[in-house]
Number of protein chains: 2
Amino acid sequence: MDTPQRDDVRRVSDLLDSGRKDDLLEFLHPLHPADIADILQEIADDHKVKLLKFLGTELAADVLTEIDEKSGESLLQLLTDHEVASLLEEMKSDDAADLVSRLDPEKKDRIKALLPSDDRARIHDLLGFEEDTAGGIMESEKLAVSERATVQDAIQLVRTQADEIENAQNVYVVSEDGVLRGAIRILNLLLHDPGEPVTEVMERNIVSVPVTMDQEEVAILFSRYDEFALPVVDTHDRLIGRITADDIIDVMEEEASEDITKLVGTDEDEIGERSPVRISRSRLPWLIGGLLGEVLNAVIISRYEVPIRTIVVLVFFIPLLIGTAGNMGSQAAVVVVRELALKEIDIRHTWRRILRELQVALINGLVLGALLFAVIVIWQRDIGLGALLCVSLLTVVLFAAFMGSSVPLILHRLKVDPAIATGPFVSVSNDIIGLAIYLTYATIYLSMIQ
Amino acid sequence: MDTPQRDDVRRVSDLLDSGRKDDLLEFLHPLHPADIADILQEIADDHKVKLLKFLGTELAADVLTEIDEKSGESLLQLLTDHEVASLLEEMKSDDAADLVSRLDPEKKDRIKALLPSDDRARIHDLLGFEEDTAGGIMESEKLAVSERATVQDAIQLVRTQADEIENAQNVYVVSEDGVLRGAIRILNLLLHDPGEPVTEVMERNIVSVPVTMDQEEVAILFSRYDEFALPVVDTHDRLIGRITADDIIDVMEEEASEDITKLVGTDEDEIGERSPVRISRSRLPWLIGGLLGEVLNAVIISRYEVPIRTIVVLVFFIPLLIGTAGNMGSQAAVVVVRELALKEIDIRHTWRRILRELQVALINGLVLGALLFAVIVIWQRDIGLGALLCVSLLTVVLFAAFMGSSVPLILHRLKVDPAIATGPFVSVSNDIIGLAIYLTYATIYLSMIQ
């Protein structure tokens, strides 16, 4: 949500209050539906309904498409079933399906009954696909001609359907049973003789998206092939819809938010959420997991009670060791998670990837270990203690790098989202094993100097 | 980089060895340039040069555009200046400028001298813009007609320039001094009478991008207005280029990698990097910062030596307290950072945003505190100790949430990238202040029970 100017919001409210429809429409005319949507979200509920009515069904539908999920839901509650149905008729099928999916079941059925049968069927089909797949983000609208059509037929189709299909770029060519055969850029239609058969001018080697493909993979296809729109096909290669670059931009925003928030054990629904209770609920499981792990950690330290009592100074460095290992482990995990998301890792060579992390940890561990050694020798004037901490640090960070890089790769193989790898499991096991290593070394060290 | 089939790589190598150019081209014909680029990256250096020659300048230029940065650089070293220059001529201006910017200065000058003067000027102009701005990602190629043109003139322009401008979607209308006046979808040209003036059929309220706008802001414009291409204008509103959705998809991939990797103190160049030394170097500053902070932490603990000696059990819980506070602080920081990136935070209400984090921390702190209290009472059978830890945890997490949410907001105001906020500064200050709070409470507690 961008924040609209306060002046604009006040202006629109005033015009609605005084019922000056013409002035209002003149004021809103130069604005994009997304900008009107922002204003709509800021005004009072009764004003919202009034504004939508003033806008007329077509523009109101465009504005509704741009509204964020949460505001959209509450707005739909303010409208009658007939109003919602006529707005849905004006929307692209994918936006309409998104909106319908957010209605409560009863209202959903009532509204679906009010729709013309072809719109109903289209929305029904789209609702059948998983939300995060190609089917869930595609629209059914597309320009398609038969293999036997001519360039002139294709131009005719573009002329008659252009207003229904926003941003159309290609005319697709399909066989009699709907199998995708090729595509022609609309721009290229202008360059050919109207009498030529479309099969002569179409591009045959086109990239298509299977309807079940995960939306993240679809985004990678777009990024790879630099397309503005890709056709979607079912398991029999029949053309059933298309996905456009603007949908992919939204998917990428969503997936990036999902990855980033998962790294700290919450979810992307939290972005922009205002209720502290709902935010707390989404963050708690991770925190509780972490806390229980740290309790186990405390139990382990308590087992080492004797050496701790003997030399309290060793305790000062516990947070340092586990903090540094934690930093190193998350660096490895985050980079591997991102590389997996971008398909930058060759799955045949996972060992090579883990080995690289170990090399990095060795280099960085040696640098940090040397630094720590110097600090301790200067501060505590104790070379033995410095060596103990230097060796402990090196062991602990090697272990952390191994965990940080291998866990995401293992999760990926198990088809679990690797972004959860930086969660409590890896960080707590780093803490526990790290501490166990340190205290073991410390015990050996103490027995040596005594 | 997607990994091509090993068989394909072997096949191409064999065909290159035996010099069977026709068979090779037939084999590569159905492949997309991006797929050929993947194969190219896997074959031997002398094969690479041979393959590019076989492909012909036009296809070779497309393939070169798809190659990743690092491989592209080394490949350019294998080609003569004349070869590079003729490849550049075939490329879109933005891709050509990217490539030129990666050449060493001397080679750059030699190659620029070989280019036709208009290509040279175009590349020169593009190189003048900051890499991460609209100017840095735009291409100069665009379809533009004068305000006095007719629909027929615009169609004629599309016909003659279509092969130079990939994925053109709009014809832009400009005034005599180049100021952007409006745009017409190519598709709409088909719907109008050829004799009509373009000013009658063009859309006037179009979104344009100032050339200096940050690329992340441009991505938000695309996501907001659902466009496939946006015109770029200079400070005098003159049309100087356009940005297409496929470039934005690449920008979003890059920005998401940048945000995610910055969270752990490394950078996005590391994604896919193979040299452990280079990886180590990009991660070290953050690690050293963290380590030095933790040394300070150890110094602080050492000041509290007396109570620690008195009751060793309190020490067991140090990692628990700072670990939990760390988790909570990063949750707050990551969500705020992401909300800032998506412009979901109203900058006028930063206090409200911080307050919300404090409410969340209060709820989660109470839940975790109660849990910890129960664990300690059961395990250590000491209600006083349980209460001490419960109160300490609550104070520490409130502080962590405050730091985690306020630091990104402050950095944002100071125009520093808030993604660095989860770095050593916040985590180490959480550790230090958290520990100071705990040890202070512990000292008071010990003086009370003695």
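For the structure itself, look to the data block above.
Residues numbered from 1 in each chain as written. Chains lettered and ligands numbered in written order. Predicted model: local features only at pLDDT ≥ 70, side-chain atom pairs only at ≥ 80, totals over all residues. Heavy atoms only, no water.

Note on the copies: chain B fits chain A at an RMSD of 0.1 Å, the axial shift is 0.0 Å, and the rotation between them is 180°. The two molecules are tied by a two-fold rotation axis, judged by turn and shift. Most of the interface of chain B is mirrored in chain A, where 100% of its interface residues are also at the interface. (Least-squares fit on C-alpha atoms with pLDDT ≥ 70 in both. Contact = heavy atoms within 4.5 Å.)

Residue and element names in this part refer to chain A. Counted by the stated rule, this structure contains 3 aromatic pairs over all chains. Taking the centre distance of 5.9 Å and the plane angle of 70° together, the rings of Phe 317 and Trp 379 count as edge-to-face. Of this pair, Phe 317 sits in the loop between helix H19 (313-316) and helix H20 (318-341) while Trp 379 sits in helix H21 (residues 350-380), and the two are 62 residues apart along the sequence. Take Trp 379: its relative accessible area is 29%, and that puts it in the partly exposed class. (Phe/Tyr/Trp six-rings, centres within 6.5 Å; stacked < 30°, edge-to-face > 60°. Helix = DSSP H or I, 4+ residues; strand = E, 2+ residues; numbered from the N terminus. Buried < 20%, exposed > 50% of the residue type's maximum accessible area, 1.4 Å probe, protein only.)

Residues and elements named next belong to chain A. In terms of residue burial, strand E5 (residues 229-233) counts as a mostly covered element, since 5 of its 5 residues are buried. Side-chain alternation along E5 places Ala 229, Pro 231 and Val 233 on one buried face and Leu 230 and Val 232 on a second face that is also buried. Both strand E4 (residues 209-210) and E5 contribute to a ladder of 2 bridges, which runs parallel. Each bridged residue has a counterpart across the sheet, and for Pro 210 the counterpart in E5 is Val 233. In this structure, E5 lies alongside strand E6 (residues 239-244), joined through 5 bridges in antiparallel fashion. Within the sheet, the bridge partner assigned to Pro 231 lies in E6 and is Arg 242. From the end of E5 to the start of E6, which pair antiparallel, there are 5 residues, and Asp 237 there has a positive phi angle of about 65°. (Pairing = 2+ DSSP bridges.)

Residue and element names in this part refer to chain B. Taken together, the 3 strands give an open sheet; going across it, the order is E1-E2-E3, and neighbouring strands pair in mixed fashion. Since the sheet does not close on itself, it has two edges, and those belong to strand E1 (144-146) and strand E3 (180-185), each with one partner. The mean inter-strand angle of the sheet, taken between neighbouring strand axes irrespective of direction, is 30°. Two elements, E1 and strand E2 (residues 170-174), share 3 bridges in a ladder whose sense is parallel. Across the sheet, residue Val 145 finds its bridge partner in E2, namely Val 173. (Axes fitted to C-alpha atoms, helices over the stretch in contact; angles between N-to-C directions.)

These results come straight from atomic positions and should not be treated as a statement about function.
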